[in-house]
Structure formats: C-alpha cells, structure tokens
Amino acid sequence: MTTTVDLLGLDSLLIPISVLAHALEPGVAGGYVAMIHSLSETPVPLVLLTIGLLIGFQKTGNVPQALLALASGTLIGLDIVMANGMIFNPEPPLLGTSLAAGVLVGLGTTLPRTILITYCLIVGFFYGAFSAPGLISWAEGIYYAVGIITGLFIVVGASVGAVKTLKQLALPWFSIGVRIVGSWLAAITALALALALR
Amino acid sequence: MRRILRAVPTVLFTVCACTISTSSFAHVDRVSTDFASGFLHPIGGWDHVLAMVAVGLWGAFLGVPAIWLLPLVFPLVMACGGALAIAGIVVPHVEIGIALSAIVLGMCVSLSLRPPVVVASSIVGLFALFHGHAHGTELPQAAQPFEYAVGFVVATGLLHFIGITLGFLTRWELGTYFVRAGGAAIAIAGVLFLSAAV
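Everything quoted here is computed from the prediction, not taken from an experiment.

A short note on the overall build of chain B
- Secondary structure summary: chain B contains 8 helices and 0 strands in total.
- When burial is assessed residue by residue, chain B has 53% of its 198 residues classed as buried.
- Taking as baseline every contact in chain B between residues at least 6 positions apart, the subset at least 24 positions apart corresponds to 80%.
- Accessible area of chain B: about 8700 Å², with a carbon and sulfur share of 73%.

Things to note about the nonpolar core
- By size, the foremost hydrophobic cluster in this structure holds 107 residues, and its most contacted members are Ile55 of chain A together with Trp58 of chain B.
- When residues of this core are assigned to their parent elements, the largest contribution, 13 residues, is made by helix H9 (residues 174–197) of chain A.
- Setting aside anything within four residues of it in sequence, one finds Ile55 of chain A in contact with Val63, Ala66, Leu67, Leu70, Cys120, Val156 and Val160 of chain A.
- In terms of nonpolar packing, the next biggest core, distinct from the first, is built from 6 residues, Val91, Val94, Ile98 and Phe127 of chain B among them.

Side note on the packing of aromatic side chains
Residues and elements named next belong to chain B.
- Per the stated rule, a full pass over the model turns up 6 aromatic pairs over all chains.
- Pairing Tyr148 with Phe152 gives two aromatic rings, centres 6.0 Å apart and planes at 65°, and the pair type is edge-to-face. Here Tyr148 and its partner Phe152 are both found in helix H7 (residues 145–167), 4 residues apart, which amounts to about one turn of the helix. Each member of the pair, Tyr148 together with Phe152, is buried.

A closer look at unusual backbone geometry
- Thr42 of chain A connects to Pro43 of chain A through a cis peptide bond whose omega is 0°.
- Along the chain, the position of Pro43 of chain A falls in the loop between helix H3 (27–40) and helix H4 (44–57).
- Cis geometry is adopted by the peptide bond preceding Pro65 of chain B, which originates at Val64 of chain B and carries an omega value of 0°.
- The backbone phi angle of His93 of chain B is positive, close to 55°, even though this residue is not glycine.
- By the element assignment, His93 of chain B lies in the loop between helix H4 (66–86) and helix H5 (94–110).
- For His93 of chain B, a relative accessible area of 57% corresponds to the exposed category.
- Of note, the phi angle at Ser112 of chain B is positive, near 55°, even though the residue is not glycine.
- Secondary-structure assignment places Ser112 of chain B in the loop between H5 and helix H6 (117–138).

Overview of the layout of surface pockets
- Of the voids in this model, the largest pocket is the one considered here, and its volume is about 500 Å³.
- Broken down by secondary-structure element, the contributors of at least two residues to the lining of the largest pocket are H9 of chain A together with H4 and H7 of chain B.
- Among the elements that line the lining of the largest pocket, the one with the most residues is H7 of chain B, at 6 residues.
- Classifying every residue of the lining of the largest pocket gives 12 nonpolar, 4 polar and no charged.

Some details on the interface of chain A and chain B
- Across the contact, 18 residues belong to chain A and 21 residues belong to chain B.
- Regarding the contact of chain A and chain B, the summed buried area is about 1800 Å², with carbon and sulfur atoms giving 86% of it.
- Counting across the interface, chain A meets chain B through 0 salt bridges.
- Linking chain A to chain B there are 0 residue pairs in polar contact (both at pLDDT 80 or more).
- Partitioning the side of chain A that touches chain B into residue classes produces 13 nonpolar, 3 polar and 2 charged.

Regarding the environment of Ala66 of chain A
- By secondary structure assignment, the location of Ala66 of chain A is in helix H5 (residues 63–84).
- Not counting residues within four places of it along the chain, the set of residues in contact with Ala66 of chain A comprises Ile55, Leu116 and Cys120 of chain A.

Observations regarding the confidence of the model for chain A
All names here are of chain A.
- Averaged over every residue, the pLDDT of chain A is 84; the share at 70 or more is 88%.
- Looking at the elements of chain A, mean pLDDT is at its lowest for helix H1 (residues 2–7), recorded as 41, and at its highest for helix H7 (residues 113–131), recorded as 95.
- Per-residue pLDDT stays below 50 along residues 1–21; that stretch engages in 28 contacts with residues further than four places along the chain or on separate chains.

Overview of H3 of chain A
Residue and element names in this part refer to chain A.
- Between its first and last C-alpha atoms H3 spans 20 Å; for 14 residues at 1.5 Å apiece the expected length is 20 Å, and the two agree.
- Looking at H3, one finds that the buried residues are Gly30, Gly31, Ala34, Met35, His37 and Ser38. Summarising the axial view, the buried residues of H3 lie within an arc of 145°, below the 170-degree limit, and thus occupy one face. H3 presents Val28 and Tyr32 as exposed residues on the side facing more than 90 degrees away from its buried surface.
- Residues of H3 that are buried sit in contact with H4, H7 and helix H8 (138–168).

So, the confidence of the model for chain B
Residues and elements named next belong to chain B.
- For chain B, mean pLDDT is 82; residues scoring 70 or higher make up 82% of the total.
- Counted against residues more than four places away or in other chains, residues 16–32, with its pLDDT under 50, gives 46 contacts.
- Scored as a complex, the prediction yields pTM 0.80 and ipTM 0.77.

Topic: a nonpolar patch on the surface
Residues and elements named next belong to chain A.
- A cluster of nonpolar side chains, namely Val28, Leu75, Trp138, Ile142, Tyr143 and Val146, defines an oily patch on the protein surface of about 530 Å² accessible area.
- Sorting elements by how many residues they give to the nonpolar patch places H8 first, with 4 residues.
- The exposure class assigned to Tyr143 is partly exposed, which follows from its relative accessible area of 43%.

Re the side chain of Ser183 of chain A
- Locating Ser183 of chain A in the fold gives a position in helix H9.
- Residues within four places of Ser183 of chain A in sequence aside, it is in contact with Gly102 and Gly106 of chain A together with Pro71, Leu72, Pro75 and Leu76 of chain B.

Reading the values: the criteria
- Residues numbered from 1 in each chain as written.
- Chains lettered and ligands numbered in written order.
- Predicted model: local features only at pLDDT ≥ 70, side-chain atom pairs only at ≥ 80, totals over all residues.
- Heavy atoms only, no water.
- Helix = DSSP H or I, 4+ residues; strand = E, 2+ residues; numbered from the N terminus.
- Buried < 20%, exposed > 50% of the residue type's maximum accessible area, 1.4 Å probe, protein only.
- Contact = heavy atoms within 4.5 Å.
- Areas by Shrake-Rupley, 256 points an atom, 1.4 Å probe, with all protein chains shown as cover.
- Core = buried A, V, L, I, M, F, W, Y, C linked by side-chain atoms within 4.5 Å.
- Phe/Tyr/Trp six-rings, centres within 6.5 Å; stacked < 30°, edge-to-face > 60°.
- 1 Å grid on protein atoms, 1.4 Å probe; cavity = no way out; pocket = protein on both sides within 12 Å on 5 of 7 lines; lining within 4 Å.
- Points joined across faces, edges and corners; volume = space filled by probe spheres on them.
- Nonpolar A, V, L, I, M, F, W, Y, C, P; charged D, E, K, R; others polar.
- Buried area = accessible area lost by both parts, 1.4 Å probe.
- Salt bridge = Lys/Arg side-chain N within 4 Å of Asp/Glu carboxyl O.
- Polar contact = N/O pair within 3.5 Å; in protein donor to acceptor, adjacent residues only side chain to side chain.
- pLDDT = per-residue confidence, 0-100.
- Expected span 1.5 Å × (residues − 1).
- Arc of directions from axis to C-beta.
- Patch = residues over 30% accessible without salt bridge, like charges linked within 9 Å, V, L, I, M, F, W, Y side chains within 5 Å.

Set out below in structure tokens:
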C-alpha cells in the first residue's frame, strides 16, 4: 500500500502542509498581494489561462454560469482552508484539472453545461485552497479573498474575452491556433504536475 | 512568379532561424537556469531542430487535419516523455530514438508518404517521447524548472511553425521538390546523428 502510494505520488497529497500557506498582509495591501498572486505565482497564471481558454471555447450562453461556478468554488476552497488550515496539498489536483482543461482545449471539445459548471466548481475549489492564506478568520482574510477573486477574473476574463473576440472575427486560423496553444499549455502543465509530484 | 517572390522573405527568415544551432547534440551536462535556457535547449542542437522542423514539414505536406494535429500531438506526448524523466524512469536509447526521428520523418517528407492521420500521429508521438525525455532529464537540474519547461515547449512549437511555413512551399511544383530535398537532407543528417549515437 505504501509503495503504491509512493509510486503514484499520492504521498504528496497526504502530507499536511504548514498552516500559513501564504503570508497575509493586513488590510487592502493584502488584497493587492492576493491579486498579484493570481498574475505571478507559479503555476497560477498558467492554470487560470488554460481554464479561461476552455471556458472561452464553450457556448456563450454557458460562460456566465461557468465563471460564477469558478468563483463559487474558489470561495468554498478559501473557506475550507481558512477554517481548517491546509489539510492537503492542493497543487497536484489543481494542476491535474488544468491539464484536463488543456487537453480539452486541444481537442476543441464543447462541454455540456452541467459538466462545465461542475468542472469549474472543482477547479475553483482547488484554486481557492491553493491560494488560501491559511488558518485565519474571514474578518482578517476578507481583503485577501477579494484580491484572489479579482485576480481570478482578470486572468480568466481576459482569456475568455480574447477567445470570444477572435472567434467573432472569424479568422480561418483561429480555432487551430487556440487548440495548439491549448496543447502547449497542457504540455507545460503536465511537466509542472510531474515536478509537483516529484 | 510574383507569388514565389512574396514567399522569399519568409523562407529566408526561416532558413536563418534554422541555422542558429551551434552544436550537433544539445544533451551535454550544463546548468539550466530559466526560460532562456529551456528555449535554447531544443534549438541548440541540430538533432532537435531538424526533427521538429520535419514534423511541421510533414504536417504541411499531409494537409488538413495533420497540419495542426501533428504540432498538437507532439508537445503533449513530449511532455509525457519529460514527465517520465522527471519521475526518474529511464527510457533506453534516447539519443538513438532522436536520431531515428530525423531519419524517419525526413524520409516521410522526402518520399511524400501520406499514411492515415492516425498512423502519422502515432509515428510523431512515438518520437516525441524520446525528445521529451531528453529535455526532461535536464529539467529537474534547472534553477527554475517551470520556466525551463515553458521555454522548451514554446521553442518546440515555434520550430514546428517554421516547418509548417516551409511546408507551404508545396503549393508550387518547384517548392515541392525543395521540400522533398529538405526531407532527404534531414534524413541524411539523421544517419550522421545515428552513427554518432551508436
């Protein structure tokens, strides 16, 4: 059992992580730091960009629900870690779901609404858990949470907007280009996942 | 004639881009530091450059859907090879596999082979494993492995793009001979790599 767990890299999920995953700045400064986290901390921009491409590829009518599900999942993840501390390592599952998104973008897959919303909830949950500042109250971490959500919408929103805009231009290479970018992101994510499980 | 002249700057640029390689083999012990190192790794060796360009050439030669499917399959499987290397799993005869990729892909272009897309993707995927393993072996030694991974995935994709651009010469009869001659040259170079690797 232990050997199997080691071979699958699952032990990286079981090891408790230190309580404070991210140092918390007080007040609005904390919110700003949290927003920057979405734009700079490896591998968050990669994950959000990939998710944004996937959502942008979906039917326009499903996009608002997908974004809402992503934000809701993020809040749930933040809430659980802020209430209980970092009880598991969220990086591997976050990268795993991002890898799936990259593959789906590469395949040009359009997901049914229910599956898309469920998927966004799951990704959002792991993103929130990964980004959480650790065991603190909502009174202390509210600005941080707002920053995380803001950063999420900046990157994902920009990706979705870019995809939708390019699609409207009806460029002949658009679909192929996005799919190739999706495969690149999936490849990078796969390597990041291998590094995280090492 | 005018169409040929319009293609000249593009061809000249891609030829120049292909000639920046400095050594035959990129897989020497050296410190890999960041995105630039990862970016330079595939283009720092003729064995990688020629195989990547051959993938793009063959894809352009085969036409839709291979023209986008092969550059999509290659990075994904390459990442799997890289993940194997990161996990410490040894793939035997990597250098031989890389040399064979230049030979086989070069011959496919030179002989104008047009197998079913599934077969072409399988061939490309098989060789991508060796290339990915070679890149992945040096990845954990990098000071910033994530940035290194981004670098070599992007470089690989751009090399495919160069191959596709050159492959568009097949629109003209003279261009087809040029591309097929290029494939033959790649195959011959592959034989030299193989003799050095064995």
